Each structure stands twice: as structure tokens, then as C-alpha cells.
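Residue-level structure breakdown
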Amino acid sequence: MRVLRRTLLSAIVALSACSAALPSSEVNLFAWTEYIPQEVIDGFTKETGIRVNYETFSSGEEMMAKMLSGSASYDVVQPPDYIAEALIQAGLLRKLETQRLPHLANILPEFLHMPHDPTQSYTVPYMTGTVGIVVNTRVVTEPIRGFKDVFQPSHAGRIVVLNDNREMVTWALYSLGLRANDLSPENIERTRPILAQWFKFVRVFDSDSPKTELLNGDVDLGVVWSGEAAILYQQDPKFHYIIPAEGVHEFVDVVAIPTQATHVAEAHEFIDYLLRAEVSKKISDAFPYTNPNGAARRLLSAAQLANPASYPPAGPRDTFRAIGKTSQQIDELVTDLKNSR
Amino acid sequence: MLTPMVLWLVLFAVLPMAILFVYSFCSRDDLGRIVFTFSLENYSRVFDPRYLHIMVRSFGYASATTAICLIMGYPTAYFMARRSEKIRERLLVLVMIPFWTSFLIRTYAWIQILKGSGLLNTVLGSTHLIAAPVEWLYTPAAVMIGLVYSFVPFMILPIFSSAEKLSNDLIEAAHDLGAGPLRVFTTVIIPLTAPGIAAGVVLVFVPTMGMFAVSDILGGAQVPLIGNVIQNQFLQARNWPFGAALGIVFTLLFAVSYGLLQRRPRWDRAASA
């Protein structure tokens, strides 16, 4: 018995010695799936010796739910704009020490001081994009200009849309001539008949990889993230990206540091690394969303910049604002509509 | 001897249920954090027709899956159990092999089989069984295929283990006493493998009822099942108290129906009568 105890003790001592010898610097990253290339993470660790623990989520809501559950402490999070706004309001994001982020100067001015972070003190834009229409022009030959042309009986069963309740309601709001943030209970109710009509024609609801259904040829039209559309266009230019005539909103995914972060210095170092032109270019290579990093854009090829899904004509566009409990009404509406199909 | 079992139960069954129970009476703030004020609102929402409707639908899917798994699984398990020991073990490994790959990856693989230009349509098309490609994917049929595929091993394994114990002497004795094949099957084989059938039915029905991934991936997220609704409350809608209330009602329904099933006259009692 005593031998056993001694062995155990020495094992514990050896283990703790081991952990002391390991580099203690690390950064706990919580980010979207399919958004940060492994090459970038490896490059950061190689250069700084800081280990990156990478955990992923697939919707802004999921990110917030996990962050608030407090089960893990993250050092860098990557929320979309409206989630970041809610987190800032609740005091859950830390003010960034901008002197530690010299490469913040690379960000184009139109992506700074946006409504979700008007003082530009909590977040740094990572990638931005729009949600628009993809058309397989080999199959669909008539002109598609907006949602009205997509959701037609002739396209029944040939459409994929994002499985994102707020997105779907937003498209219907635009069809009513309203704006993305006109989310009063009455306005949400007004989208019901429109969405009920649209849902009859939808074959798949998929937020994770709607490009797959289009590539497989199981559908010919999609309302998808612009980055997905850009990849489709790269693979085959028959996939056209169209900014819906009724209206379009812009999303900005940001990086930020939670108040509870324990590796603040490393977190700043990581964020500044992401802001470097050559690093940001690698992100664009892998995930061709709209890059808010001006210096990185100068490194992109002419073909990358000409991709209509990555770089659509500029325009003043709404971004989503924090909505609080309205998400419940939206969830009930969409559940109802899917239920009564 | 009992202590580890009790500890396990407390840690992994009682404690989570207790947390769920407390949450189900709470409300939430704008961000979705739990606010500890007593409320019955979540329970009144559970009995809203829209969610009852979804529960009934989920029940339908789960029952159909269980029935198909039983029809497919019983003969398979019985066949396996009647082989020599060596072959039996090999067959058992074959049933287990799929578990070596993640359930999600296997479900995604079905997309490749069921898609318009996929394996199934290619095979059917080349044998001229169908004139044009059939749209399998993103239909209720695809969801059923995915569910049966995922859960059929859970039917085979318990039936196999009770069929394995079934002695040939009893079957021979029944034959000697003049029973025909059907009579032997209904009065000897079924009653003696009933514990396996019961375990298989529970093991298939319960997880199918709560499943959400298959209807998302193979059903195109078109038709919500109760599992999808609950998952949505914890992630998209950020309403944990409501999700907890759904979970509690759901668990109670199971407990009550399981209890009722146990009270029914059992096969073996009927057999000995």
C-alpha cells in the first residue's frame, strides 16, 4: 500500500514539474466553423510560441449561449455584429488596448465606428459580407433580380436558404419595403404570409454549407452567405451572385476579448496578428468574404477582387442590431411556419 | 456494491434532471441568461398546440422507426444467434463496425447516396428500375432511412443476446409435442426473446424521439421534430427555461408510458399460463 502511495505521489510531482516546464502562454479562441484557416493559427503559434486552443460554433446565438453559460473561459471570441452589441451593452466585452494593436490601422474607415461598436473600443472587424441570391445560370435562364423572382412556383423544390430565423424574417421585411431592424411585433407578424408562401418552395434549410446542395445539383437557387457564393463562383462561374433588389443587409463578424479573459496580453497579440496584411490575405484566400482590411486587399489578385460575391458594388447597408427577447417571437413564427407546411 | 451505481446515477441522471427542473420554472433576460424568478409560463407554452403537434409528429417518426427496426432487426439477430460461436462473433463485429465512425459522418455519407446524382439513383437508373432520378434527399423518406440506419444496431444487439440464450432443446421439444413452425415461433421463441425485444424497443424509441441531427441533415431541416425544437431553445432562441420545460415534460411522458408498459401482463407470464 505504501509503495503504491509513494509511486502515486512521485507521479504527481513529476506531472506538476512537467506542466511547469511547458510554456504557460496560451490563448483560448472561440470562433465560427470554417472561418479561420489552420495555417493562420499554426503561423501564430510558430512565431510567438503561444498555443491556440480553438473551439468553434456555428451561429451567433450558439456562441452567446455557450459564452454566457460560463462553462469555459475564452480569451478571444468572434461574434457577429448584433451579438457583439448585446455583449457590449451587458458589459461582457473588455475595452481593447489599441496601443497593442498597431495593425488596426489596416482596417478601412468604413468598417470602423459602426453601430454595434460606435466608439470602436471593444471590437475589431474580422470579415464582412452580405446575404444574397445565388443562381445556377446553366439551369435557371430567366433573369433573377430579387426575392420575388426566386420564390416562384416554377422553382418549387429547387431552392436552398439559410436555416437562420432572423435572416429569413429580414428578407421578408425587405419584401414589405421595411428595413432589417424594423422588428416590431406587428412587422414580424406581417412577414408571416410571405414566409408561408416562400417556405412552400424551399427544399433545404441549411446554414452550415448551403453551397453543397448547389454543387450537388440538388437545388438551383439559394439565399446564402456571400462567402459561400464566392466559393461557388470560384469553382464554376455559372453560379451568379445577385444582391436582392428588395434590399440587403451587411454582416460584420468581429473579434473581441471577453471581460473574463485570463490571457489578455496573448489575446491582443493574436488579434493584431490577424490584422496583419499578409495574414489577413491568407484568410481571404481560404474564405473569400469581403475583407475589411485595406492593406490585405492590396495583396489580393485581380480575380479575387473581381469576384462579385466577395466584392459587390459598395452601398450604405443596414447591419443587424441587438434584439433581445424578440428572438423568441421570431423563433415561434418560423417554427409555426415549418410546422404547418 | 451499490455505491458506484448510485453515485453514477446521481451525477449523470439525478443532478442534471434537478438542474433542468429548477431552470424550467425560471425566466431569462434579454441575453438569454437564467433569471431565478418563479414562473409557470414555460409550462403553459409547452402545451401550446404548435408544440403538441410537433410532439405527435415526433412520436409518429419514432414509432415507425422502432417498428421497421424490429422487423429488420429481429430476423437478423435471430439468424446471427443461431450460428456457430465462431461465426457469431464475426457477425457481431460486423454489426459493431459502423460505431467506429462518427454518427454524424455516417449521416453525411447518406447525402452522397441519396442525392439526385447519387449512388442510389445511379444504381436504380442503370438497372432501368426508374426512368428519371428520384428525389430522395430532403424528404421524410430520407429522414426515415437515416433514423432506421442509425438505430437498427440497437435493436439487433439486445435481441441477439436473448436469442443466443434460447436453447435449441426447447424448440425441438415444442416440435416433438406437435407444434407447427408458427406455433413454435409465437409460443416459444417470441416469449423467450421478449426481454430482448423490450430492451430493443426502448433503446430505439427513446433516442429516436429526441433525435435532431438526422432531420436537419437528411430532411433539409424542413419539418421540425421535438428534438429540433428543444435544441433550438438552447442555441438559436436562447430560451433555456423553455427548453428545460420541454425536456421535463418529455421525460415525464416517457417515465409514465414506460411505467404503464411494465404493468401490462408480460409475455413470459402469458407463456407459462
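If you're wondering where the values come from, they're calculated on a predicted model, not measured in any experiment.

**Quick look at the interface of chain A and chain B**
Counting from both sides, the interface comprises 27 residues of chain A and, opposite them, 25 residues of chain B. At the level of elements, helix H3 (60–69), strand S6 (202–205) and helix H14 (326–339) of chain A are the ones that each hand at least two residues to the side of chain A that touches chain B. Classifying every residue of the side of chain A that touches chain B by side-chain character gives seven nonpolar, ten polar and ten charged.

**Notes on the pairing of strand S2 (residues 51–57) of chain A**
Residue and element names in this part refer to chain A. Here strand S1 (residues 26–32) runs beside S2; their pairing, made up of seven bridges, is parallel. Residue Leu29 lies in a different strand from S2, and its bridge partner there is Tyr54. Assessed by its sense of winding, the connection that carries the chain from S1 through helix H2 (residues 38–48) to S2 is right-handed.

**Notes on the domain arrangement of chain B**
All names here are of chain B. One can read the domain layout of chain B as domain 1 (18–47 + 239–267) and domain 2 (52–237). Just the C-alpha atoms count here: the centres of domain 1 and domain 2 sit 28 Å apart. In terms of residue count, helix H12 (residues 240–263) provides more of the side of domain 1 that touches domain 2 than any other element does, seven residues in total. Grouping the constituent residues of the side of domain 1 that touches domain 2 by class yields seven nonpolar, three polar and no charged.

**Topic: the domain arrangement of chain A**
Residues and elements named next belong to chain A. For chain A, the assigned domains are domain 1 (25–127 + 251–306) and domain 2 (129–250 + 318–339). Distance from the C-alpha centre of domain 1 to the C-alpha centre of domain 2: 26 Å. Looking at the side of domain 1 that touches domain 2, the elements that each hand over two or more residues are helix H4 (81–89) and strand S9 (250–256). Here the side of domain 1 that touches domain 2 gets five residues from one element, more than from any other, and that element is H4. Tallied by class, residues from the side of domain 1 that touches domain 2 come to ten nonpolar, five polar and two charged.

**Remarks on the packing of helix H3 (residues 49–81) of chain B against helix H7 (residues 140–165) of chain B**
Residue and element names in this part refer to chain B. The contact between H3 and H7 brings their axes to 6 Å, and the two run at 45°. When the interaxial angle is binned, H3 and H7 end up oblique. When you trace H3 past H7, the crossing you get is right-handed. Classifying every residue of the contact of H3 with H7 by side-chain character gives 22 nonpolar, three polar and one charged.

What counts, and at which threshold
- Residues numbered from 1 in each chain as written.
- Chains lettered and ligands numbered in written order.
- Predicted model: local features only at pLDDT ≥ 70, side-chain atom pairs only at ≥ 80, totals over all residues.
- Contact = placed C-beta atoms within 7 Å.
- Helix = DSSP H or I, 4+ residues; strand = E, 2+ residues; numbered from the N terminus.
- Nonpolar A, V, L, I, M, F, W, Y, C, P; charged D, E, K, R; others polar.
- Pairing = 2+ DSSP bridges.
- Right-handed = clockwise from strand over helix to strand, strands pointing away.
- Domains from an automatic or database assignment.
- Axes fitted to C-alpha atoms, helices over the stretch in contact; angles between N-to-C directions.
- Parallel < 35°, antiparallel > 145°, perpendicular 65-115°, else oblique.
- Left-handed = near helix turned anticlockwise from the far one by under 90°.

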